[in-house]
Amino acid sequence: MERIKINDYRTHKISDFDVISRIHSGEKELYEILLRRNNQKLFRVVRSYINDLEEIEDIMQNTYLKAYEKLHQFKYNAQFSTWLLRIGINETLARLKAKTKYIDLHLSENYTSNLILEIPDSEQLNPEMKMIRQEAKQTLEKAIDTLDVKYRTVYILREIEGMNIAEVSNCLGLTTSNVKVRLHRAKEMIREELYEISIKTDIFEFGFNKCDRLVERVMKTI
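Here the structure is a predicted model, which is why all the values come from computation and not from measurement. (Residues numbered from 1 in each chain as written. Predicted model: local features only at pLDDT ≥ 70, side-chain atom pairs only at ≥ 80, totals over all residues. Heavy atoms only, no water.)

Q: Where do I start with the overall build of the protein chain in this structure?
A: Counting its regular elements, the protein chain contains 11 helices and 0 strands. Ordered by position in the sequence, the α and β elements of the protein chain form the string α-α-α-α-α-α-α-α-α-α-α. For the protein chain, with 222 residues in total, the buried portion stands at 49%. The contacts of the protein chain with a sequence gap of at least 6 include a subset with a gap of at least 24, amounting to 73%. Surface accessibility of the protein chain: about 11800 Å² in total, with carbon and sulfur atoms responsible for 49%. (Helix = DSSP H or I, 4+ residues; strand = E, 2+ residues; numbered from the N terminus. Buried < 20%, exposed > 50% of the residue type's maximum accessible area, 1.4 Å probe, protein only. Contact = heavy atoms within 4.5 Å. Areas by Shrake-Rupley, 256 points an atom, 1.4 Å probe, with all protein chains shown as cover.)

Written as structure tokens, this is what we have:
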């Protein structure tokens, strides 16, 4: 069987299903491909509930380890990313419940801003453009952080991650109608100029340094 280069995850030369099949066959090192393909998406969905960087990375690590342990339960009629996000959300909710005896995530919550933007290491921008871009991202992050968690999570998955309504519905266990209502409400609560900025996909980035660090920790554990 042809050896797979880890960098193939960037060029999509191998599907998630093929990666998983080969992991089952003993090539557990290929799990790194799944980590790198899903780090950004998982980070953003956990970030929609919690804004502590250290805790987010801990939840992400636990999510990947649980997903690896349960990989034999994965059904090939679903997307791996959606299956993984459900595990991540459950892990996040369990963490929140452990910290408080009672929490209702459908009620309004006040979140303090903890800006976590990281411009990619390879970005070539002059200092002035970097400052302008950084300020724009921070402004958008603050606006998103003002949303209740039930709106923020839907908004990030649909508008930032680009998941379709059905995927968001499946991921969060909501009806498609509920997803649409929450998304519409989220957009209403973000001013028009901020919404125009939010179509960019590089806010709440889980940049190269953090990505590499998490991958290394998980791969050493499995």
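So much for the structure itself; the text now carries on.
Q: Is there a simple way to think about the packing of aromatic side chains in this case?
A: Between two aromatic rings, the relevant description is the distance of the centres plus the angle of the planes. Scanning all chains against the criterion turns up 7 aromatic pairs. Where phenylalanine 74 meets tyrosine 76, the ring centres are 5.5 Å apart and the plane angle is 65 degrees; that geometry is what we call edge-to-face. Residue classification places phenylalanine 74 among the buried residues on the basis of a relative accessible area of 4%. Take tyrosine 76: its relative accessible area is 36%, and that puts it in the partly exposed class. Relative to tryptophan 83, the ring of phenylalanine 74 has its centre 5.4 Å away and its plane inclined at 65 degrees; by these criteria the two rings are edge-to-face. By the ring-pair criterion, three or more aromatic residues cluster together here, those being Phe17, Phe74, Tyr76, Phe80 and Trp83. (Phe/Tyr/Trp six-rings, centres within 6.5 Å; stacked < 30°, edge-to-face > 60°.)

Q: Would you take a moment to explain the packing of helix H7 (residues 149-160) against helix H9 (residues 176-189) for this structure?
A: For any two helices packed against each other, one specifies the inter-axial angle together with the distance between the axes. Where H7 contacts H9, the two axes come as close as 8 Å, and the packing angle between them is 95 degrees. Taken together, the axes of H7 and H9 are roughly perpendicular relative to one another. Here Lys150, Tyr151, Val154, Tyr155, Arg158 and Glu159 of H7 lie close against H9, whose contacting residues are Val179, Arg182, Leu183, Arg185, Ala186, Lys187 and Met189. Grouping the amino acids of the contact of H7 with H9 by side-chain chemistry returns 7 nonpolar, no polar and 6 charged. (Axes fitted to C-alpha atoms, helices over the stretch in contact; angles between N-to-C directions. Parallel < 35°, antiparallel > 145°, perpendicular 65-115°, else oblique. Nonpolar A, V, L, I, M, F, W, Y, C, P; charged D, E, K, R; others polar.)

Q: Please clarify how the pattern of salt bridges should be interpreted in this entry.
A: Where charged atoms from two side chains of opposite charge approach closely, those side chains can pair. Counted by the stated rule, this structure contains 14 salt bridges. In this structure, aspartate 16 and arginine 37 form a salt bridge, with 2.5 Å as the shortest nitrogen-oxygen distance. With a gap of 21 residues between them, aspartate 16 in helix H2 (residues 16-24) and arginine 37 in helix H3 (residues 31-47) connect regions that are remote in the sequence. When the shortest N-O distance is used, the salt bridge between glutamate 55 and arginine 95 registers 3.7 Å. With glutamate 55 in helix H4 (residues 53-69) and arginine 95 in helix H5 (residues 80-99), this pair connects stretches of sequence that are 40 residues apart. The same class applies to glutamate 55 as to arginine 95, namely buried. Salt bridges here are not isolated pairs; linked through shared partners, they connect Glu32, Arg36 and Asp212. (Salt bridge = Lys/Arg side-chain N within 4 Å of Asp/Glu carboxyl O.)

Q: It is not clear to me how the environment of asparagine 164 should be interpreted in this structure. Could you clarify?
A: Residue placement: asparagine 164 occurs in the loop between H7 and helix H8 (165-172). Taking the C-alpha atoms as reference points, asparagine 164 and threonine 176, separated by 12 residues in sequence, lie 10.0 Å from one another. In this structure the side chain of asparagine 164 is engaged in a polar contact, spanning 2.7 Å, whose partner is the backbone nitrogen of glutamate 167. (Polar contact = N/O pair within 3.5 Å; in protein donor to acceptor, adjacent residues only side chain to side chain.)

Q: Sorry if this is basic, but what is going on with the packing of H3 against H4 here?
A: Close contact between H3 and H4 brings their axes to 10 Å; oriented N to C, the two are set at 135 degrees. By the angle class used here, H3 and H4 are oblique. Here H3 and H4 pass one another in a crossing that is right-handed. Where H3 approaches H4, its residues Tyr31, Leu35, Asn38, Asn39, Leu42, Phe43, Val46 and Arg47 are matched on the opposing element by Leu53, Ile56, Ile59, Met60, Thr63, Tyr64, Ala67 and Tyr68. For the contact of H3 with H4, the per-class residue count stands at 12 nonpolar, 3 polar and 1 charged. (Left-handed = near helix turned anticlockwise from the far one by under 90°.)

Q: Help me out: how do you make sense of H4 in this one?
A: The periodicity of an α-helix, 3.6 residues per turn, causes residues three or four positions apart to be oriented the same way. Between its terminal C-alpha atoms H4 stretches 24 Å, which fits the 24 Å expected from 17 residues at 1.5 Å a residue. When we look at burial in H4, the residues that qualify are Glu55, Ile56, Glu57, Ile59, Met60, Gln61, Thr63, Tyr64, Leu65 and Ala67. Where the residues of H4 are buried, they touch H3, H5 and helix H11 (208-221). The N-capping residue of H4, defined by a side-chain oxygen 3.3 Å from the backbone nitrogen of glutamate 54, is aspartate 52. (Expected span 1.5 Å × (residues − 1).)

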